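Here is what each chain is made of, one letter per residue.
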Amino acid sequence: MTKVAQISCGTEYSGIQWMLNDIAERVGIELVYPEMELSKVGEACKEIGFEAESPSLNIMMASAVSMLDDPAIKGALLLTCFKCSEGTIVKDMIRRFLHERTDMPVILYSNVEKPKEIELYSRLEALKTLIARKTLLMREKQEGVTMGVDSGSSTTKVVVMRDNEIIGKGWLPTTDPVKSADDAIEAALKEAGIPENAVEAVGVTGHGRELVGEHLRADLNLEEVSVISKGAALLSKCHKGDATVIDMGGMNNKLILMRDGIANTFNLGGICAGSSGRFLEIAARRVDADITELGQLATESKERYELQSYCMVFGIQALVVALASGVKREDVAAAACRSVATQVYDNQMQEMEMRPPIIFVGGVSLIEGVKREFENILGVEIIVPPYSQYAGAVGMATLVSGV
Amino acid sequence: MKRKVLVYPPNSMILSDLVERGGHESLVLMREIGEHVRDAEIDAPPINITEEDLKRALRYVSVEEPAGLKGRIGLLAPLLEKAEASIILSDAPPTYGCMGCAVADEFFKFLIRKREIPTLEVRYEGGERTDEMVTEIMAFLEQLSKEEKKVR
């Protein structure tokens, strides 16, 4: 079992502690609560440089300081209540404090009384991988002939790599995950010009990784956060120092802060369809463009138009009304891209600092209009590396070459 | 006349002890948590907060409030509803008992005041002035036995 410090301001009062304990046990994590003397709380607040109104938040800061004395603790889970502004401030301060003092992975979660189990599971599973597979994640080069399969919620991506070069690719919509993987593998092998038995190892990630991994008898099966961040680091050749990865797929977004090519904190979206690639697919249909053309169309916009809602239903309705009232297609396309980028900024980016360089991967990274909107919002250049939609598959092909 | 006296901080052992010494029944958080923990039908460790507790809080707080606030108020609501008098101790150090969440603290004090039951509000005094604080509390408890209603 991997020891992870749970640092919270009283999760037990939210009625979710039993769920946290249950999920932690399933992914092989032992949640521990760093102890400290009450008399040391004031000192800890001074060390972090903040004193909260809530005593439990001051105790939370003292727990964070205290956990540094326990070498058995390998990661931290920071929890406060959703909609508690003071809690959000303290949680972020603790994260920054821990990142200054240690290189251990830290995850943040804003709890509600009925959290989705999958949300907690995916976070704790990623935390476990980042701790348990740290040596493997330090890998900076792919060797031999390996294949990475990313069985995503919307599309299945496959790459075949040989000595750190991509020699074959397959990218298909995910229907039956196993069949989609088989078809994408066939396409990738055909492009690579090698038979299946020439592949020395296969790694699988993504939503369908359990099913597809079993079918392929994969040599390695890992969750997406650690794999996509590794893929983004490899594709952008950003192995040293800090970096931020924005991964946007058809249904899920991930915002990952990396240090030396390994994720050390992350934030998962997936709450609202309005910030997903799916929103852009529907918007593209409404402006009579293919999804591959939407981004280019958005860059032709001359007049700024704002959708009045982020929502998949009401945002699209606003888009239809705009078209009916004579707003140009390109302005509506730009508004759709802006809507998605703004929502990711509001709900995910603001919870964490953005550490340049910022690397944008996943299928949505190919939509130029979204990249441009992120650049407008953040005021920095965003890197979209080549093969950005294959970040998960490249990460997996590289990691499995080290197994 | 023996009264049910709610103390604040609601987990203060010292205040609870003073109430019992003053001849009344203290309403404290530990008792409520104890009942939850001993309830064999609830399996939500460590303190067995249930969905019912969170729903109960909705009588007092908006559905939009943070989950921890709802849980705390839901747990305290039965004490509030049973209370016939209360003692609110302000500015006590955390070692004296606390609820942890500042918003829940302030909101619970507001709910106590809104009940319009006999209430003593006293500032925490340490050191040599502790005696004065205890004397004030004991005098309030003594008066409670005699008077029908007193609000300060």
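The rules behind these values
Residues numbered from 1 in each chain as written. Chains lettered and ligands numbered in written order. Predicted model: local features only at pLDDT ≥ 70, side-chain atom pairs only at ≥ 80, totals over all residues. Heavy atoms only, no water. Core = buried A, V, L, I, M, F, W, Y, C linked by side-chain atoms within 4.5 Å. Buried < 20%, exposed > 50% of the residue type's maximum accessible area, 1.4 Å probe, protein only. Domains from an automatic or database assignment. Contact = heavy atoms within 4.5 Å. Buried area = accessible area lost by both parts, 1.4 Å probe. Axes fitted to C-alpha atoms, helices over the stretch in contact; angles between N-to-C directions. Helix = DSSP H or I, 4+ residues; strand = E, 2+ residues; numbered from the N terminus. Parallel < 35°, antiparallel > 145°, perpendicular 65-115°, else oblique. Left-handed = near helix turned anticlockwise from the far one by under 90°. Nonpolar A, V, L, I, M, F, W, Y, C, P; charged D, E, K, R; others polar. Salt bridge = Lys/Arg side-chain N within 4 Å of Asp/Glu carboxyl O. Polar contact = N/O pair within 3.5 Å; in protein donor to acceptor, adjacent residues only side chain to side chain. Pairing = 2+ DSSP bridges. Right-handed = clockwise from strand over helix to strand, strands pointing away.

## Brief notes about the nonpolar core
Phase 1: One finds Ile29(A), Leu77(A), Leu124(A), Val159(A), Phe266(A) and Val394(A) to be the most contacted residues of the largest nonpolar core, which totals 53 residues.
Phase 2: By size, the runner-up hydrophobic cluster in this structure holds 38 residues, among which are Met248(A), Val287(A), Ala322(A) and Val340(A).

## Here's the deal with the domain arrangement of chain A
All names here are of chain A.
Phase 1: Each assigned domain of chain A is listed with its residue range as follows: domain 1 (2–132), domain 2 (145–225 + 391–400) and domain 3 (237–384).
Phase 2: The centre of domain 2, based on its C-alpha atoms, is set 26 Å off from the matching centre of domain 3.
Phase 3: The partner domain 3 presents 10 residues to the seven residues of domain 2 that form the contact.
Phase 4: Together, the buried faces of domain 2 and domain 3 total about 650 Å²; carbon and sulfur atoms form 73% of this surface.
Phase 5: Its largest share of buried area at the contact with domain 3, domain 2 owes to Ser153, Ser154 and Val225, together 61% of the area lost on that side.

## A closer look at the packing of helix H12 (residues 314–324) of chain A against helix H13 (residues 329–347) of chain A
All names here are of chain A.
Phase 1: One way to put it is that H12 packs onto H13 with a least axis distance of 10 Å and a crossing angle of 165 degrees. Judged by the inter-axis angle, H12 sits roughly antiparallel to H13. As H12 runs across H13, the sense of the crossing is right-handed. Counted together, Leu319, Ala322 and Leu323 of H12 and Arg329, Val332 and Ala336 of H13 form the full contact between these two elements.
Phase 2: By residue class, the composition of the contact of H12 with H13 is five nonpolar, no polar and one charged.

## Observations concerning the interface of chain B and chain A
Phase 1: At the junction of the two partners, chain B supplies 22 residues and chain A supplies 22 residues.
Phase 2: Carbon and sulfur atoms supply 67% of the area buried between chain B and chain A, which totals about 1700 Å² over both sides.
Phase 3: On inspection of chain B and its partner chain A, the count reaches two salt bridges.
Phase 4: Inspection of the region where chain B meets chain A yields five residue pairs in polar contact (both at pLDDT 80 or more).
Phase 5: If you list the elements that add at least two residues to the side of chain B that touches chain A, you get helix H2 (29–38), helix H3 (51–57) and helix H4 (67–82) of chain B.
Phase 6: By residue class, the composition of the side of chain B that touches chain A is 14 nonpolar, four polar and four charged.

## A few points about the pairing of strand E3 (residues 75–81) of chain A
The two faces of a sheet get side chains in turn, since along a regular strand they alternate between them.
All names here are of chain A.
Phase 1: Burial analysis of E3 places seven of its seven residues in the buried class, the great majority of the element.
Phase 2: One ladder, built from five bridges, connects strand E1 (residues 2–8) with E3; its direction is parallel. In the sheet register, isoleucine 7 faces E3, and the bridge partner there is leucine 78.
Phase 3: Where E3 lies against strand E4 (residues 106–111), six bridges are found, and the strand directions are parallel. Directly across from alanine 76, in E4, lies its bridge partner valine 106.
Phase 4: For the crossover from E3 across helix H4 (residues 85–101) to E4, the handedness is right-handed.

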